[in-house]
Amino acid sequence: FSRMLNTFLSGYLRSYVQAEVTSVEELSYYEFSNSIVNPAIIAIIDFHPLTGQVLIDLSPSIAFALIDRILGGSGKNYDEIRTFTEIEITLIKKLVRQILELMIDPWENVIELQPTLEKMETNSQFAQIVSPNETVALTTLNLKIGDVEGMLNICIPHIVIEPILPKLSTKFWFSSISKTITDEDKQSLKNRVEKSKVNVSAILGS
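A.B. asks: Mind laying out the sheet that holds strand S2 (residues 41–46), listing which residues take part and the relevant values?
C.D. replies: The 6 strands are arranged S1-S5-S6-S3-S2-S4 in an open sheet whose pairing can be described as antiparallel. Only two strands of the sheet have a single partner each, and these edge strands are strand S1 (17–28) and strand S4 (116–121). Going from strand to strand, the sheet's axes swing by 20° on average, the running direction of each strand aside. With 11 bridges connecting them, S1 and strand S5 (residues 135–145) associate as antiparallel partners. Among the inter-strand pairings, Glu26 is bridged to a residue of S5, identified as Ala137.

Structure, rendered in structure tokens:
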């Protein structure tokens, strides 16, 4: 997902963008919501066909840089702390909807996901999707747009993915891969092996 996001944002913004996963951890929803800085950009996502919602939390610095690039600016760092305008929220909503389409392919081996944006909040107090003690999986991506750096957090409650937990193991992924090998596959593999160059060295005596 991080590679797809990197490619999408670089093309969408026509600017150098770097996205990489920095951490994946398990914690309570209370811990996560308390770590969100206000004002914030919080997208509440319906994870259909799974029951429940997930959150995407975007750093204000990254949000302002995205808005600036979308409106033709250079995407420079914005130090002033203020709330987002209705126009800015609308622009971010459009971008989030396109980002959600990138989440479909990474999940295709597990479930035919159809995520949709339900609403956007700028205050974590209005984004209580589960009880405070509910366990969540938090994936943090570090985003860099030019000289601006910030975080994108994806918060997935345990209760949402509980029905598909058996499918989230690597054992399931490999067992679902087709093992049928055609004659073309064999010939292609043979051709590649024959063209491979291997360095061979020998030691004689001592």
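A.B. asks: Describe in detail the environment of Tyr16, supporting the description with residues and values.
C.D. replies: Note on placement: Tyr16 falls in the loop between helix H1 (2–13) and S1. On a C-alpha basis, the gap between Tyr16 and Asn6 in space is 8.9 Å, while along the polypeptide they are 10 residues apart. Residues in contact with Tyr16, not counting those within four places in the same chain, are Lys144, Ile145 and Gly146.

A.B. asks: Break down the packing of aromatic side chains for me, with residues and values.
C.D. replies: Across all of its chains, the model carries 3 aromatic pairs by this definition. Measuring from ring centre to ring centre gives 6.0 Å for Tyr29 and Phe32, while their planes differ by 55°; the resulting arrangement is tilted. With a gap of 3 residues between them, Tyr29 and Phe32 both fall in helix H2 (residues 29–35), about one helical turn apart. The burial state of Tyr29 is the same as that of Phe32; both residues are buried.

A.B. asks: Kindly report on the pattern of salt bridges, identifying the contributing residues and their values.
C.D. replies: Summed over the entire model, instances satisfying the criterion amount to 2 salt bridges. Where Glu88 meets Arg82, a salt bridge forms, and the shortest distance between an N and an O atom there is 2.7 Å. Residue classification places Glu88 among the buried positions, given a relative accessible area of 11%. The partly exposed category is assigned to Arg82, whose relative accessible area is 24%. With a closest N to O distance of 3.6 Å, Lys119 and Glu121 form a salt bridge. Its relative accessible area of 39% is what places Lys119 among the partly exposed residues. Exposure remark for Glu121: the relative accessible area of 16% places this residue in the buried category.

A.B. asks: Before we move on, can you summarise unusual backbone geometry with the specific residues and values?
C.D. replies: Omega for the peptide link from Asn38 to Pro39 comes to 0°, which places this bond in the cis form. By the secondary structure assignment, Pro39 is in the loop between H2 and S2. The omega torsion of the bond from His48 to Pro49 falls at 10°, within 30 degrees of zero and hence cis.

The rules behind each value
Residues numbered from 1 in each chain as written. Predicted model: local features only at pLDDT ≥ 70, side-chain atom pairs only at ≥ 80, totals over all residues. Heavy atoms only, no water. Pairing = 2+ DSSP bridges. Helix = DSSP H or I, 4+ residues; strand = E, 2+ residues; numbered from the N terminus. Axes fitted to C-alpha atoms, helices over the stretch in contact; angles between N-to-C directions. Contact = heavy atoms within 4.5 Å. Phe/Tyr/Trp six-rings, centres within 6.5 Å; stacked < 30°, edge-to-face > 60°. Buried < 20%, exposed > 50% of the residue type's maximum accessible area, 1.4 Å probe, protein only. Salt bridge = Lys/Arg side-chain N within 4 Å of Asp/Glu carboxyl O.

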